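# Geometric and topological summary
The residues making up each chain are set out below.
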Amino acid sequence: MVSWSDGFGSSSSSDDEVRKAPATMECTEWCGLALNHPACCEHRSPCEKLVAFESTDSGRRFLGCAQKDGPKCPYVEWVDSEWPIPLKTALNKIWSMYEKELTDRLR
Ligand SMILES: [Zn+2]
């Protein structure tokens, strides 16, 4: 399920309230452990280089929990700053098209 914070375009960012790392996608350019980066997740271990694949953050690089077994902590340190509004709008549109497609297919 794709979930997003409601009210795209609302002035307040809910990034701090969401205590969950975003969904990710595979990326060969940005992967593996960020050993030369001081960021540490809540497990006090080196972070993994990840690419978000969720809502308007899709494609943004971040450092997150690298825990392979056991639950991951919600640690997120963004590498790319927030996308500009036009790109967010485009992503928003694409995701809603995708969601619509999914619901249509279920019928
Ligand atoms: Zn962790």
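Let us look at the structure shown here. (Residues numbered from 1 in each chain as written. Predicted model: local features only at pLDDT ≥ 70, side-chain atom pairs only at ≥ 80, totals over all residues.)

## Looking at the overall build of the protein chain
Spelled out, the test is: Working definition: helices are DSSP H or I runs of at least four residues, strands are E runs of at least two. Numbering for both runs from the N terminus. Here a residue counts as buried when 20 or more other C-beta atoms sit within 10 Å of its C-beta, as exposed when there are 12 or fewer, and as partly exposed otherwise, the C-beta atoms being derived from the backbone.
Looking only at helices and strands, the protein chain has one helix and four strands in total. Of the regular secondary structure in the protein chain, the N- to C-terminal order runs β-β-β-β-α. Going through the 107 residues of the protein chain one by one, you find that 18% of them count as buried.

## Details of the nonpolar core
Spelled out, the test is: The term nonpolar core means buried Ala, Val, Leu, Ile, Met, Phe, Trp, Tyr and Cys residues held together as one set by C-beta atoms within 7 Å. We call two residues in contact when the distance between their C-beta atoms, placed using the backbone, is within 7 Å.
Counting eleven residues, the largest nonpolar core consists of A34, C41, C47, L50, V51, A52, F62, L63, C65, Y75 and V76. Setting aside chain neighbours within four positions, we find L63 in contact with A34, H37, A39, C47, K49, E77 and V79.

## With respect to the sheet that holds strand β4 (residues 76-78)
The cut-off we apply is this: Following DSSP output, two strands are said to pair if at least two bridges run between them.
If you walk across this open sheet you meet the four strands as β1-β2-β3-β4, and the pairing is antiparallel. Only two strands of the sheet have a single neighbouring strand rather than two, namely β1 (24-25) and β4. Relative to strand β3 (residues 61-64), strand β2 (residues 48-52) runs antiparallel, the two sharing four bridges. Note on β3: the bridge partner recorded for V51 is R61.

## Topic: the environment of L87
Note that L87 resides in helix α1 (residues 85-106). Using a count of 13 C-beta atoms within 10 Å as the deciding quantity, one classes L87 as partly exposed. Taking the C-alpha atoms as reference points, L87 and D57, 30 residues apart in sequence, are found 9.7 Å from one another.

## Section: the pairing of β2
In terms of residue burial, β2 counts as a mostly covered element, since four of its five residues are buried. As paired strands, β1 and β2 are joined by two bridges and run antiparallel to one another. Following the sheet pairing, M25 is matched in β2 by V51.

The values reported here are purely geometric and, on their own, carry no functional implication.
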